[in-house]
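Descriptive analysis of the structure
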Amino acid sequence: MNQPPLLLLVDDSRATRTIIGTALREYDCEIREACNGAEAWSAVQERIPDLIVLDITMPIMSGVEVLARLKSQAATRDVPVVMLTANANPDEMATVRSMGAADYITKLHKPALAIEAIRNLVALQPNAPAAC
Amino acid sequence: MMPTAPISQEVPTKPMDLTACVRESTIRVFCAFLALEVSPCLTAPTDESQRTLVGTVGLAGDFCGVVCLHVRPKLAAQLAAVMFQIEAADEVPPEDIKDVMGEVTNVLAGEIKRRLACCGTIVLSVPTIISGYSLDVSSLSGVHKAVFLCQQNGEPVLAELYNNAHPPRNL
């Protein structure tokens, strides 16, 4: 039996992790959370996720630094990364795209857009309805 | 990441009034990020017996300054209830209220940064939350302050942008 995809949500705001995590509840996937870049990097060392949603501005280690580390290592180079940011800055978008980010979404958008970005990159199956 | 009106990705390139920048950014963040309307008001609350929460985010690079968002605990709890999708605002734990204040201030600073793209490269700090009574943000001499005072359902909201050169380069 196939394991459900593992998604790593990285943001220093618990509220933002909760919003995306809640929106993902209807899909069969495993979710891990990290609240800064260093925690995210540790989580990746334990088990390589199928996709990472990565905030850019975080304490300890920024999302851009995590992205650079991911793309510099053969084992993690191909993990799709969706960058999450508080602002849609074209220069920043171009920078993270050139570093290998698969997508870039702003926090002002609806959660549905984040889910759409994730589903474009990893196959998510809807959860089976709960038995009565 | 809340229900929202369509978001324009347009980045302003023309010179702008910083007060208008703060006003439009605040209205947009409350509308798009929190699905809440704010309306301008002219007078600041004078009741100093109430505690205030202030979220701050620093801007560095080609535009240096700080964004401050002042609200009272009642509204901060309501914002947290909206973000965590909890019906009763008084059930939101204090840590989650601080988390949401930080995130809302971060998104406000991000929106201001987006509108100041013509200034050059700007980086944001992580947010800091201050809580206390009769809070007033002081600044060094020569610092310019742009302010937007508004209210959400009767609760005051004060958004401020301090910057140390007015007009900033390229603005």
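The rules behind these values
Residues numbered from 1 in each chain as written. Chains lettered and ligands numbered in written order. Predicted model: local features only at pLDDT ≥ 70, side-chain atom pairs only at ≥ 80, totals over all residues. Heavy atoms only, no water. Buried < 20%, exposed > 50% of the residue type's maximum accessible area, 1.4 Å probe, protein only. Helix = DSSP H or I, 4+ residues; strand = E, 2+ residues; numbered from the N terminus. Pairing = 2+ DSSP bridges. Right-handed = clockwise from strand over helix to strand, strands pointing away. Core = buried A, V, L, I, M, F, W, Y, C linked by side-chain atoms within 4.5 Å. Contact = heavy atoms within 4.5 Å. Buried area = accessible area lost by both parts, 1.4 Å probe. Salt bridge = Lys/Arg side-chain N within 4 Å of Asp/Glu carboxyl O. Polar contact = N/O pair within 3.5 Å; in protein donor to acceptor, adjacent residues only side chain to side chain. Nonpolar A, V, L, I, M, F, W, Y, C, P; charged D, E, K, R; others polar. pLDDT = per-residue confidence, 0-100. Axes fitted to C-alpha atoms, helices over the stretch in contact; angles between N-to-C directions.

1. Describing the pairing of strand β4 (residues 81-85) of chain A
All names here are of chain A. Among the five residues of β4, five are classified as buried, and the element is accordingly described as predominantly covered. Side-chain alternation along β4 places Val81, Met83 and Thr85 on one buried face and Val82 and Leu84 on a second face that is also buried. Summarising the sheet, strand β3 (residues 51-55) and β4 pair through four bridges and their orientation is parallel. When the sheet's bridge partners are listed, Ile52 is paired in β4 with Val81. On the question of chirality, the crossover connecting β3 to the parallel β4 by way of helix α3 (residues 63-72) is right-handed.

2. Some thoughts on the nonpolar core
Residues Phe33, Leu34, Phe63, Val100, Ile112, Leu116 and Leu161 of chain B are the most contacted members of the largest nonpolar core, which totals 48 residues. Counting 21 residues, the second largest nonpolar core, distinct from the first, contains Ala40, Val44, Leu54 and Leu70 of chain A.

3. Examining the interface of chain A and chain B
Facing the 26 residues of chain A at the interface are 28 residues of chain B. Buried area between chain A and chain B, both sides added, is near 2,300 Å², and the carbon and sulfur share of it is 61%. Among the residues of chain A in contact with chain B, Ile19, Lys107 and Leu108 of chain A are the three that bury the most area, contributing 28% of the side total. Where chain A packs against chain B, one counts three salt bridges. When the shortest N-O distance is used, the salt bridge between Lys113 of chain B and Glu92 of chain A registers 3.3 Å. Seen at the junction of chain A and chain B, the total is seven residue pairs in polar contact (both at pLDDT 80 or more). Those elements that place two or more of their residues in the side of chain A that touches chain B are α1 (14-23), α4 (90-98) and α5 (111-119) of chain A. Its residues placed into classes, the side of chain A that touches chain B shows 12 nonpolar, eight polar and six charged.

4. Describing the confidence of the model for chain B
On average, residues of chain B score 83 in pLDDT, and 81% of them are at 70 or above. Model confidence for the complex: the whole-complex pTM is 0.85, and ipTM, which rates the interface, is 0.83.

5. Topic: the sheet that holds strand β2 (residues 30-34) of chain A
Residues and elements named next belong to chain A. What the five strands build is an open sheet, ordered β2-β1-β3-β4-β5; its pairing is parallel. Each edge of the sheet is formed by a strand with only one pairing partner; in this case those strands are β2 and β5 (103-106). Each strand axis lies, on average, 20° off the axis of its neighbour in the sheet, ignoring direction. One ladder, built from five bridges, connects strand β1 (residues 6-10) with β2; its direction is parallel. When the sheet's bridge partners are listed, Leu9 is paired in β2 with Glu33. Along the sheet, α4 makes contact with β4 and β5, crossing β5 at roughly 150°.

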